[in-house]
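Reading the structure
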Amino acid sequence: MVFAIDRESMRFVYANDGACELIGCDRHQLMTMSPHELLLTDAETLASQYDEVIEAGGITTESRSRTYDGRETIVELHRQAQLVDGRWMIVSVVNDIIKRKRAEFTRDRMSRMYASLGATNEAILRATTPDDLYEQVCEAALTGGGMLIACIMRVTADASRLTVTATAGVNGAVARDLTVPLDPSHPEGRGLVAQCFRECRQQICDDYMQDPRVAPWRNVGAKMGIRSAAAVPIVKAGETIGVMLLAADHPRAFDEEGVGLLNRMVDNVVFALENLEHEAQRKAGEKHIEFLATHDSLTHLPNRTLFNQSLSMAIESARRYRRSFALLFIDLDRFKTINDSLGHEAGDQLLIQIAERLSLAVRASDMVARIGGDEFVILVNDIQQPEDAAKLARTILSKILEPVELQGQEYRITTSIGIAIYPDDALDASSLLKHADMAMYRAKEEGKNTFEFYSAQLESRSLKRIKLENHLRQALEHDEFELAYQAKISLENEQIIGVEALLRWHSAELGEVTPTQFLPLAEEIGLIIPIGRWVLQTACEQNMAWQRQGIPPLRMAVNLSPMQFADHQLVSHLESVLERTGMPASLLELEITETAVMHDVGRALELLAQIKRLGVYISIDDFGTGYSSLTQLRDLPVDSLKIDRSFVRDLSSNITDQSIARAIITMGKNLSLNVIAEGVETAEQQSFLREQHCDDMQGYYFSRPGSHTAFADLVRSHRVRKAL
Ligand SMILES: Nc1nc2c(ncn2[C@@H]2O[C@H](COP(=O)(O)O[C@H]3[C@@H](O)[C@H](n4cnc5c(=O)[nH]c(N)nc54)O[C@@H]3COP(=O)(O)O)[C@@H](O)[C@H]2O)c(=O)[nH]1
């Protein structure tokens, strides 16, 4: 393609066919045009370029150019100056290099896109969270791909919209606030991005100003300078979760290869997302395992392991900063009874409720942990004085005492708390815990539902208790138990109307241990169940043995502890003992304390009815100490009330005791119950009771508890009212 231009007139003087073809017109039309019009410049600029050519002799340049109909192209110009008849002619050999230029441009862009893909891969390696990943990928796509805007949108939870999760670019801030509705009935929901999401297919817009799909977004896009855009769906595990949008400042920025790269970029993002999720799951799994190792699975409180660690740290910190802290050792009273009587599920529910109450009672800086069945500890950091710990203990006692609902019924639970203070009571973790534990036992001994501070005297007491427990555990096996028998007498005619079996322990190591010393411990550690069964079996066997010796049939009373009363197998055990020993059920009397019955009246009613159906006689022992109401008493299927010893002791002098005893007798009579007074030691007590029409009595005044032979002798020498 050759043109010749007269420098002086700045007009074409020659154009070959190729030149005409390049410009897209015939020679005549070409000759009417000015060269600067075709080269998209002005006449002066072109003239000075020609002057340079004249000076240099020849110059090769590239220039923008246009065709006759206005299409733009790029040409390479080899210009030479020739003097023809004294006039400078500029001869231009022109090549249309637009295709080459486009290829170069595409190559450049592709290499930038590959660079961008590389950069996203790096971003993927660096990212630690999905949000972090999105931000880094947008940044990499923008800088590497030479884009105007890169943006990642995620679908909202209700799947109604796409919102911008990450964006990069000059107009990133504007893009960040964009929301794309997915409903196509909404004009903005018919745009490129929404369509891409809905159809789960990439969407390319070569000319943002012309494409009808982007009409609702055109103003926004124009403000940002967008001329072309590509949207690619982000699909994870078969589900479209969002869209990646790239926008360029020139038209047709996304050819097939470029879009292919964009897709790969998105694939990498999805791969990274899945990796991050696996990593997050692994970390969550690790965390969960760590939680399980350091927390109690029932209450979710820290367990002994974590507590021990925290206790060591508390000691270390208190030592360094010369501070005090308290350790509260909390043990529920009679938890075993609840667990045995209501079942483990109720026991678990109770522990969960207790854990919640304890957690609510402490400050955020304190730690509540469960270190055993019904054992909880609280680390009370930074106390000014022991009273601070006492205050918390009081709060806990009252919180625990609030009614607990188990299996649809309300119960009142109490707890015993032991307190040890660092550094006063111990300097190391295990001693501190041991001392708080000892103080807790002291609180139990003090009648439960209370708290005690550790003191050095407690230590020797606690050692004694451990010794007692060890020997008690072997007492049954070593045959160290025995029963003593005490007569029950009619106040009307002083006939022996029955006998009570009382447990005695002759320990080979400890000597005589009284029931009041070992029975509470046996109850606490659950040994009362096998011991109680032994008592029942032995008492029934003895009664039958006496009969074989010619002693008239007598009613044999056996004491039932609260835990025995809560034992689910009580009734079946009674049946089997009666069957084994052959003793008629009517000869068996069970003495159950008023407090054990009143602890759970509903269950007591049911259980007593079952026992009654066997034909067993039932007495409420220690009556007057358990606050039963007349109504409750009326409903209980019992036969007898036993006035507690404490009201009998001072009967002759104490007017209050007299009125109580009188009231119990009247109450019993009104309910047609037999009334017996225990602990009768004097003639005055006996007279008073007789005057009040009390039915029977039991006490040293008539006979002390004695061996089976002593009791047999007593019966032989005395009048007896046969029970059968
Ligand atoms: N669950 C079980 N409890 C039992 C069993 N054996 C006894 N016990 C209970 O232990 C408590 C103390 O019993 P013990 O030391 O045997 O005292 C009994 C009598 O010895 C005593 N008693 C009898 N008469 C008098 C008296 O005139 N004065 C006086 N100071 N004490 C006297 O009273 C106890 C009998 O009490 P009770 O059972 O309430 O009738 C005691 O609570 C026993 O119940 C057992 O096998 N299982």
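All of these numbers come straight from a predicted model, not from anything done at the bench. (Residues numbered from 1 in each chain as written. Predicted model: local features only at pLDDT ≥ 70, side-chain atom pairs only at ≥ 80, totals over all residues. Heavy atoms only, no water.)

Our focus in this paragraph is the overall build of the chain. Within the chain one finds 27 helices and 27 strands. The burial tally for the chain puts 50% of its 724 residues in the buried class. Considering only intrachain contacts with a sequence separation of at least 6, the fraction spanning at least 24 residues in the chain is 61%. Total accessible area on the chain is roughly 34,500 Å²; 50% of this is exposed by carbon and sulfur atoms. (Helix = DSSP H or I, 4+ residues; strand = E, 2+ residues; numbered from the N terminus. Buried < 20%, exposed > 50% of the residue type's maximum accessible area, 1.4 Å probe, protein only. Contact = heavy atoms within 4.5 Å. Areas by Shrake-Rupley, 256 points an atom, 1.4 Å probe, with all protein chains shown as cover.)

What follows concerns unusual backbone geometry. Residues Y422 and P423 are joined by a peptide bond in cis, for which omega reads 5°. Look at D85: it is not a glycine, yet its phi comes out positive at around 50°. Residue class for D85 comes out exposed when judged on its relative accessible area of 77%. Despite not being glycine, H300 has its phi angle at roughly 65°, a positive value. Using a relative accessible area of 51% as the deciding quantity, one classes H300 as exposed.

What follows is about the side chain of D331. For D331, the position within the fold is in strand β12 (residues 324-332). Among the polar contacts made by the side chain of D331, one reaches the side chain of K444 at a distance of 2.8 Å. If we skip the residues at most four places from it in the chain, D331 touches D374, E375, T415, S416, M440 and K444. (Polar contact = N/O pair within 3.5 Å; in protein donor to acceptor, adjacent residues only side chain to side chain.)

Attention now goes to the site of the ligand. Contacts to the ligand come from 23 residues, most closely from E500, K642, R645, E678 and E681. The side chain of R504 places a nitrogen or oxygen atom 2.7 Å from an oxygen atom of the ligand. Between an oxygen atom of the ligand and a side-chain N or O atom of R645, the distance comes to 2.5 Å. Listed by contribution, the elements that provide at least two residues to the shell around the ligand are β20 (496-507), α17 (515-524) and β24 (617-623). Here the shell around the ligand takes four residues from β20, the largest share from any one element. (Near = heavy atom within 4 Å.)

What follows is about the environment of G582. Here G582 is to be found in the loop between α20 (570-581) and β23 (588-593). By relative accessible area, G582 is classed as partly exposed at 45%. Not counting the four nearest positions on each side in its chain, G582 is found in contact with M544 and V577.

Taken together, the five strands give an open sheet; going across it, the order is β2-β1-β5-β4-β3, and neighbouring strands pair in antiparallel fashion. Unpaired on one side and paired on the other, β2 (11-15) and β3 (58-66) mark the two borders of the sheet. The average undirected angle you get between the axes of adjacent strands in this sheet is 30°. Where strand β1 (residues 2-6) meets β2, four bridges bridge the pair, whose relative direction is antiparallel. The residue bridging F3 from the neighbouring strand is A15, located in β2. (Pairing = 2+ DSSP bridges. Axes fitted to C-alpha atoms, helices over the stretch in contact; angles between N-to-C directions.)

Taken across its ten residues, strand β11 (residues 239-248) has nine buried, putting it largely inside the fold. Between the end of strand β10 (residues 228-236) and the start of β11, which pair antiparallel, lie two residues, with A237 showing a positive phi angle near 50°.

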